[in-house]
There are 2 protein chains.
Amino acid sequence: MATSGRLPMPEWMRGYDRHALLGDGMAAVIVTIMLIPQSLAYAMLAGLPPVVGLYASILPLVVYALFGTSRTLSVGPVAVVSLMTAAAAGAVATPGSPEYLAAALVLALLSGVILLAMGVFRLGFVANLLSHPVISGFITASSLLIAAGQLKHLLGIDAGGQTLIRILPSLLGQLGATHLPTLAIGALATGFLLWSRRWMKPALMALRMPAGAAALLARTGPVMVVAASILAVRGLDLQARGVAVVGDIPQGLPPLSLPAFDPTMWIALLPAATLIALVGFVESVSVAQTLAAKRRQSINPDRELIGLGMANLAAAFSGGYPVTGGFARSVVNFDAGAQTPAAGAMTAVGIGLASVFLTPLLYHLPVAVLAATIIVAVLGLADFGALARTWRYSRSDFAALAATLVTTLCIGVETGIMAGVAVSVLLHLWAASRPHVAVIGLVPGTQHFRNVQRHDVQCTPSILGLRIDESLFFANARAIETVIQQQVATRPELRHVVLNCAAVNSIDASALESLELVMHRLQDAGIRLHLSEVKGPVMDRLQHSDFLRHLTGQVFLSHYQALTALVP
Amino acid sequence: MATSGRLPMPEWMRGYDRHALLGDGMAAVIVTIMLIPQSLAYAMLAGLPPVVGLYASILPLVVYALFGTSRTLSVGPVAVVSLMTAAAAGAVATPGSPEYLAAALVLALLSGVILLAMGVFRLGFVANLLSHPVISGFITASSLLIAAGQLKHLLGIDAGGQTLIRILPSLLGQLGATHLPTLAIGALATGFLLWSRRWMKPALMALRMPAGAAALLARTGPVMVVAASILAVRGLDLQARGVAVVGDIPQGLPPLSLPAFDPTMWIALLPAATLIALVGFVESVSVAQTLAAKRRQSINPDRELIGLGMANLAAAFSGGYPVTGGFARSVVNFDAGAQTPAAGAMTAVGIGLASVFLTPLLYHLPVAVLAATIIVAVLGLADFGALARTWRYSRSDFAALAATLVTTLCIGVETGIMAGVAVSVLLHLWAASRPHVAVIGLVPGTQHFRNVQRHDVQCTPSILGLRIDESLFFANARAIETVIQQQVATRPELRHVVLNCAAVNSIDASALESLELVMHRLQDAGIRLHLSEVKGPVMDRLQHSDFLRHLTGQVFLSHYQALTALVP
């Protein structure tokens, strides 16, 4: 574990040896090969020039290696964050315009600052608002949106829309204009990618290749498709026959960029940047924790915020766009033997070399191949089984998942997440707002008290014992008021109410005011309010208020003492 | 208590007798006298013509009498809701324009529909989101905003602004233009109202009037000021000397109105209408419950939603604006002897008669007197002591209160409430996101397990016992992951983790997925996960998932059994 307050780097550097260097180097080569088509494709998904994807895969990786705590996380452009970038930048500028590029930089800057602030002020818990059902619904919806949005590139047609209900009619309307050579390339690429995901490893193993090497080679499917399609386009002169290609990619290392200071744009992009930061953080931490656990390492979520925040700032200042830890890439990095964050830095060198030397070769890369790469990658993310599993387990979690899924598909990514968070928080508070309150009576011959509805117990008409099985806070404060009042309204002989607080771990200011209100209402009706079995920390807190001084009754150590003292 | 699903009216009508009629009639007379100046003043505060206040005090009262469950709540225009109406309508239209009036009707309609929907779908718990500190901060900030906003009428100057930071400079800039006759009237009215609130009752009692009658007569202070000021303006011809008066008020009963169907406006007003509905409901229920308790009656919050919703619909269809139960008026109604909701219906008749016969007399009523009525009424609502009390009791509740207060004063009423809700929900989730998790060991010679940090207990290096003292849900799911992972990372000999679930009342889908993740991570590290002392309902829920089938370890009835079975 990293020592808080210091860079985590020295720790892994101290033990750095030949073995680590070999592992990191091997992993870096594999991840670089995987990352080149991914970075180009995800930039296209984000509505940005392909080179922005390469830029986002250089400096951010080096910076994460210095500040992050995961030893194997592969930071860079990822699909879902690219979609969110497209939605956010598209809301303030036209894709292709200089303002759109500026918006992407601002998003990286803002989400970097937000992540850093969350790290410095220990606000990582905010990410907990994104419950698993919300994330699951969001990822599934996003992958559908992404795949649907890429179909136009596969078909070689012009279609638009940011939500499923706009993309689909637009696609259907243009279906007649499908460009057959493009479709052929796209279909071939998709078919090969699907095959390579599933069958290339068994096929290579059948050719007597060792399992490990076969698995790694199978990961190079996307780069093989890229190479083959470039050769095909050049050899068959397909560009002249209307197949869209990536075209000119500026050659060289990323320029130093300064995100535009435009307060209106910053404010407009702030909500989206916050969501990008949260989603990126949640995905990253989840991957990093899973990988760390495999080697009995651990990561520090608060430090991860710093690492990801710095990586995004690096993206903002080197012509990139928001980055985070990618799932598939990190797994490859781990499997290929990465031992330390140095693997990430070496990957950056690899992408840097590619930016300097390979970009001219990518001129003839068909856009349809990038689309196929994206579609195959994201369809693995969609998890429809989660709908059924969650429905069986809990209806309220299902509601949060469904709300996120439907809203994301039909209205948009930001609204989708926010609707999901709102639904899950509301349902949680709804459950908390109906605390279990039991009327308790004395078990004959003992000093124990039990629920009158479940046990044969003794009650005294002038005394009402209530056990509250929940901490008291604003969500259930009024419910407690109502329960007590309804209980009192049915008992004309009542003189004393004793609240048994054995299960109450805390009382917030709302609940305290409710208790005071209840006390005064009871007083108006000639009834005194007592407490019993109040826990130490709760009692300490109550002593900072006037409640105990105004209390019309007493605080009893045990409920039995209360009964003994109050019985007429 | 009202029987669910039927109108509550028959219950109180069955026992209706001479005594109830007398009580209700007396209360109706007093409340009518109090309500006439209030309804005019609050309409002015809402930026509406004075007659709208009268209209909002007729049909809504009759409808509430039919649908509400409180016997003594006095429904009608209130200060805080009037301020919220002004803020919301002012955001979509210019005060004085027909669109502004239309917006007020739409607000009444929408908040009526929202209240009804909340009642029908039992969503009253949503009001719990408004914690006591948020309401307290909001009411204090609103009363300051209202008082500051009325000062211009007291000074006879033109000033504007919806937030304190705009109102104050605007006032100061115009201070030189103060209209002295207006200021004289305003100051006299304010002085008399303050005196009558505090000293009129003792003064009347010193004149040997019985305490009850003196208290009720003291409540008529505002109507005395109204009458005296009208006479003064007419007698001294102050209108000619520049004193602003109310002017023409249309004579007659409220017209039937149909709120404009303008989807753009409806959507724009929806958030404000929701907040108006929630704030109105919370205030109403709080007053109604306090009054019901005094007579050992109770109210039904879900039915109150229906009652208030219908009252607001009635306001929307009879030229009014959003209404709710008013605190001061309800107390007067109660003290004056109201026995049943019929008192409210009789008050409506009183206001109806006033609308038909009295409006010409109100022509010369100075605006400054209405402003004085408002200022004196709202200053009683501000509670600065709550700041200190809440600070002493709980810093996180103080944060919610302060955030609401400052945001409401500086940005606006809607943002203020939402900021407060966001802060209180976040702070609650923050607290819940750090559950108490104890490493437990066996107390020698017993079958009991205790925290290793507090007790001298036995531990086995290959077995880790963890007790989680909290229900597991999305806010703390990831914290549990991290805690377990950190504990495991420091114990190289570990083979078994046993989670003691005695204090876990529920596990939501997020926590379940976290447990599964933890289980797989532990499995990757060669460690098995076991559960002990799982509660019945939690076990039932788990059986609807695959968790138990995949569980790498066992579920033990007691933690001691786990130890016995697992010890090597």
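Since this is a predicted model, take the numbers as computed values, not measurements. (Residues numbered from 1 in each chain as written. Chains lettered and ligands numbered in written order. Predicted model: local features only at pLDDT ≥ 70, side-chain atom pairs only at ≥ 80, totals over all residues. Heavy atoms only, no water.)

Points about the overall build of chain A
Part 1 of the reasoning: Each helix and strand in chain A was counted, giving 25 helices and 8 strands.
Part 2 of the reasoning: With the C-alpha coordinates of chain A rotated into their principal frame, the extents come out at 100 × 60 × 55 Å.
Part 3 of the reasoning: Counting over 568 residues, chain A shows a buried share of 57%.
Part 4 of the reasoning: Of all intrachain contacts in chain A linking residues separated by at least 6 positions in sequence, the fraction that spans at least 24 positions is 80%.
Part 5 of the reasoning: Element-wise, carbon and sulfur atoms account for 64% of the exposed surface of chain A, whose accessible area totals about 23200 Å².
Part 6 of the reasoning: Between the averaged position of the 34 positive side-chain charges in chain A and that of its 27 negative side-chain charges there is a distance of 9 Å. (Helix = DSSP H or I, 4+ residues; strand = E, 2+ residues; numbered from the N terminus. Buried < 20%, exposed > 50% of the residue type's maximum accessible area, 1.4 Å probe, protein only. Contact = heavy atoms within 4.5 Å. Areas by Shrake-Rupley, 256 points an atom, 1.4 Å probe, with all protein chains shown as cover. Lys, Arg positive; Asp, Glu negative; His and termini not counted. Charge placed at Lys NZ, Arg CZ, Asp CG, Glu CD.)

With respect to the state of the cysteines
Part 1 of the reasoning: In this structure the tally under the stated criterion is 0 disulfides over all chains.
Part 2 of the reasoning: Free cysteine: A:Cys501, not disulfide-bonded; nearest cysteine sulfur from A:Cys459 at 18 Å. (Disulfide = S-S within 2.5 Å.)

A short note on the relation of the copies chain B and chain A
Part 1 of the reasoning: Of the transformation superimposing chain B on chain A, the axial component is 0.0 Å and the angular component is 180°, with the fit at an RMSD of 0.1 Å. When the rotation and shift are considered jointly, the pair of chain copies conforms to a two-fold rotation axis. Of the C-alpha atoms belonging to chain B, the one lying closest to the rotation axis is found on B:Val425, 4.2 Å away.
Part 2 of the reasoning: Comparing contact sets, 100% of the residues at the interface of chain B also lie at the interface in chain A, consistent with an isologous, same-surface contact. (Least-squares fit on C-alpha atoms with pLDDT ≥ 70 in both.)

Details of the sheet that holds strand S7 (residues 528-532) of chain A
Residue and element names in this part refer to chain A.
Part 1 of the reasoning: Reading across the sheet, the 6 strands line up as S4-S3-S5-S6-S7-S8 and stay open at both edges, with mixed pairing between neighbours. Across the chains shown, the open sheet's two edge strands, defined by having one partner strand only, are strand S4 (449-451) and strand S8 (555-556).
Part 2 of the reasoning: Across 2 bridges, S7 lies against S8 in parallel orientation. Bridge pairing in S8 links Ser-532 to Phe-556.
Part 3 of the reasoning: Across the sheet, helix H21 (residues 474-489) is in contact with strand S3 (437-442), strand S5 (463-468) and strand S6 (496-500); its angle to S5 comes to roughly 155°.
Part 4 of the reasoning: Where helix H25 (residues 559-566) meets the sheet, its contacts fall on S3, S4, S5, S6, S7 and S8, and the angle it forms with S6 comes to roughly 170°. (Pairing = 2+ DSSP bridges. Axes fitted to C-alpha atoms, helices over the stretch in contact; angles between N-to-C directions.)

Thoughts on the sheet that holds strand S4 (residues 449-451) of chain B
Residue and element names in this part refer to chain B.
Part 1 of the reasoning: Across the sheet, 6 strands lie side by side as S4-S3-S5-S6-S7-S8; this open sheet has mixed pairing. Each edge of the sheet is formed by a strand with only one pairing partner; in this case those strands are S4 and strand S8 (555-556).
Part 2 of the reasoning: Alignment of strand S3 (residues 437-442) against S4, held across 3 bridges, turns out to be antiparallel. Paired with Gly-441 across the bridge in S4 is Arg-450.
Part 3 of the reasoning: Strands in contact with helix H25 (residues 559-566) are S3, S4, strand S5 (463-468), strand S6 (496-500), strand S7 (528-532) and S8; relative to S6, the strand with the most contacts, it is inclined by about 170°.

Quick look at the packing of helix H18 (residues 385-393) of chain A against helix H19 (residues 395-410) of chain A
Residues and elements named next belong to chain A.
Part 1 of the reasoning: In contact at an axis separation of 7 Å, H18 and H19 are set at 150° when each is read in the N-to-C sense. Viewed along their axes, H18 and H19 adopt a mutual orientation that is roughly antiparallel. For the pair H18 and H19, the sense of crossing is left-handed. Of H19, the residues touching H18 (which contributes Ala-386, Leu-387, Thr-390 and Trp-391) are Arg-395, Asp-397, Phe-398, Leu-401 and Leu-405.
Part 2 of the reasoning: Partitioning the contact of H18 with H19 into residue classes produces 6 nonpolar, 1 polar and 2 charged. (Parallel < 35°, antiparallel > 145°, perpendicular 65-115°, else oblique. Left-handed = near helix turned anticlockwise from the far one by under 90°. Nonpolar A, V, L, I, M, F, W, Y, C, P; charged D, E, K, R; others polar.)

Some thoughts on unusual backbone geometry
Excluding glycine, residues mostly have negative phi values, and the peptide bonds linking residues are mostly trans.
Residue and element names in this part refer to chain A.
Part 1 of the reasoning: Its identity is not glycine, yet Glu-533 carries a phi of approximately 55°, on the positive side.
Part 2 of the reasoning: For Glu-533, the location among the structural elements is in the loop between S7 and helix H23 (536-542).
Part 3 of the reasoning: In this structure Glu-533 comes out as partly exposed when scored by relative accessible area, which is 28%.

Comments concerning the interface of chain B and chain A
Where interface size is quoted, it is often the accessible area lost as the parts come together.
Part 1 of the reasoning: Taken together, the contact pairs 64 residues of chain B with 64 residues of chain A.
Part 2 of the reasoning: Across the chain B to chain A interface the summed buried area is about 5800 Å²; carbon plus sulfur atoms make up 55%.
Part 3 of the reasoning: Between the two partners, chain B and chain A, sit 0 salt bridges.
Part 4 of the reasoning: Here chain B is connected to chain A by 16 residue pairs in polar contact (both at pLDDT 80 or more).
Part 5 of the reasoning: For the side of chain B that touches chain A, the secondary structure elements donating two or more residues are helix H7 (132-155), helix H13 (263-294), helix H18 (385-393), helix H20 (413-432), helix H21 (474-489), helix H22 (509-524) and helix H23 (536-542) of chain B.
Part 6 of the reasoning: Per-class residue counts for the side of chain B that touches chain A are 30 nonpolar, 20 polar and 14 charged. (Buried area = accessible area lost by both parts, 1.4 Å probe. Salt bridge = Lys/Arg side-chain N within 4 Å of Asp/Glu carboxyl O. Polar contact = N/O pair within 3.5 Å; in protein donor to acceptor, adjacent residues only side chain to side chain.)

Overview of the environment of A:Glu470
Residue and element names in this part refer to chain A.
Part 1 of the reasoning: Structurally, Glu-470 is set in the loop between S5 and H21.
Part 2 of the reasoning: Expressed as a C-alpha distance, the spacing of Glu-470 and Ile-507, which sit 37 residues apart in the sequence, is 9.8 Å.
Part 3 of the reasoning: Residues within four places of Glu-470 in sequence aside, it is in contact with Pro-435, Asn-476, Ala-503 and Val-504.

Examining the pattern of salt bridges
Residues and elements named next belong to chain A.
Part 1 of the reasoning: Per the counting criterion, the structure on display carries 8 salt bridges over all chains.
Part 2 of the reasoning: Among the salt bridges present, the one from Arg-389 reaches Asp-383, with a minimum N-O distance of 3.1 Å.
Part 3 of the reasoning: For Arg-389, a relative accessible area of 37% translates into the label partly exposed.
Part 4 of the reasoning: Looking at Asp-383, the relative accessible area reads 30%, which means it is partly exposed.

Comments concerning the pairing of S7(B)
All names here are of chain B.
Part 1 of the reasoning: The element S7 is extensively covered by neighbouring structure, given that 4 of its 5 residues are classed as buried.
Part 2 of the reasoning: Where S6 meets S7, 5 bridges bridge the pair, whose relative direction is parallel. Residue pairing in the sheet places Asn-500 in a bridge with Ser-532 of S7.
Part 3 of the reasoning: In this fold, the crossover linking S6 to S7 by way of H22 has right-handed handedness. (Right-handed = clockwise from strand over helix to strand, strands pointing away.)

Remarks on the pairing of S5(B)
The two faces of the sheet receive side chains in turn, since in a regular strand these alternate between them.
Residues and elements named next belong to chain B.
Part 1 of the reasoning: In terms of residue burial, S5 counts as a mostly covered element, since 5 of its 6 residues are buried.
Part 2 of the reasoning: Sheet topology places S3 next to S5; 4 bridges connect them, and they run antiparallel. What sits directly across from Val-439, in S5, is Leu-466.
Part 3 of the reasoning: For the handedness criterion, the β-α-β arrangement of S5, H21 and S6 is classed as right-handed.

A look at the side chain of B:Ser74
Part 1 of the reasoning: Along the chain, B:Ser74 turns up in the loop between helix H4 (59-67) and strand S1 (75-76).
Part 2 of the reasoning: Within polar-contact distance, the side chain of B:Ser74 engages the side chain of B:Arg329 at 3.1 Å.

Observations regarding helix H12 (residues 221-236) of chain B
Residues and elements named next belong to chain B.
Part 1 of the reasoning: Here H12 spans 22 Å end to end across 16 residues, near enough to the 22 Å set by a 1.5 Å rise per residue.
Part 2 of the reasoning: Every buried residue of H12 is listed here: Gly-221, Val-225, Val-226, Ser-229, Ile-230 and Val-233. Down the axis of H12, the buried side of the element spans an arc of 165°, and every buried residue falls inside it. Summarising the geometry of H12, the exposed residues directed more than 90 degrees from the buried face are Leu-231, Arg-234 and Gly-235.
Part 3 of the reasoning: Among the structural elements, helix H2 (18-45), helix H9 (180-198), helix H10 (200-206), helix H11 (211-218) and helix H17 (367-379) are those in contact with the buried residues of H12. (Expected span 1.5 Å × (residues − 1). Arc of directions from axis to C-beta.)

Overview of the packing of helix H5 (residues 79-92) of chain A against helix H6 (residues 98-120) of chain A
All names here are of chain A.
Part 1 of the reasoning: Running from N to C, H5 and H6 point in directions that differ by 130°, and their axes come no closer than 9 Å. Taken together, the axes of H5 and H6 lie oblique to each other. Seen from above, H5 lies across H6 with right-handed handedness. When H5 is examined against H6, the residues Thr-85, Ala-86, Ala-88, Ala-89, Gly-90 and Val-92 are found in contact with a partner set consisting of Tyr-100, Ala-103, Ala-104 and Leu-107.
Part 2 of the reasoning: Looking at side-chain class alone, the contact of H5 with H6 contains 8 nonpolar, 2 polar and no charged residues.

A word on helix H8 (residues 164-174) of chain B
Residues and elements named next belong to chain B.
Part 1 of the reasoning: All buried positions along H8 are accounted for by Leu-164, Ile-167 and Leu-171. Seen end-on, H8 carries its buried residues on one side only, within an arc spanning 65°. Across H8 from its buried face, at more than 90 degrees, point the exposed residues Ile-165, Arg-166, Leu-172 and Gly-173.

Some points on the side chain of A:Thr340
Part 1 of the reasoning: If you trace the backbone, A:Thr340 turns up in the loop between helix H15 (327-335) and helix H16 (342-357).
Part 2 of the reasoning: On the basis of relative accessible area, A:Thr340 is assigned to the buried category, the value being 4%.

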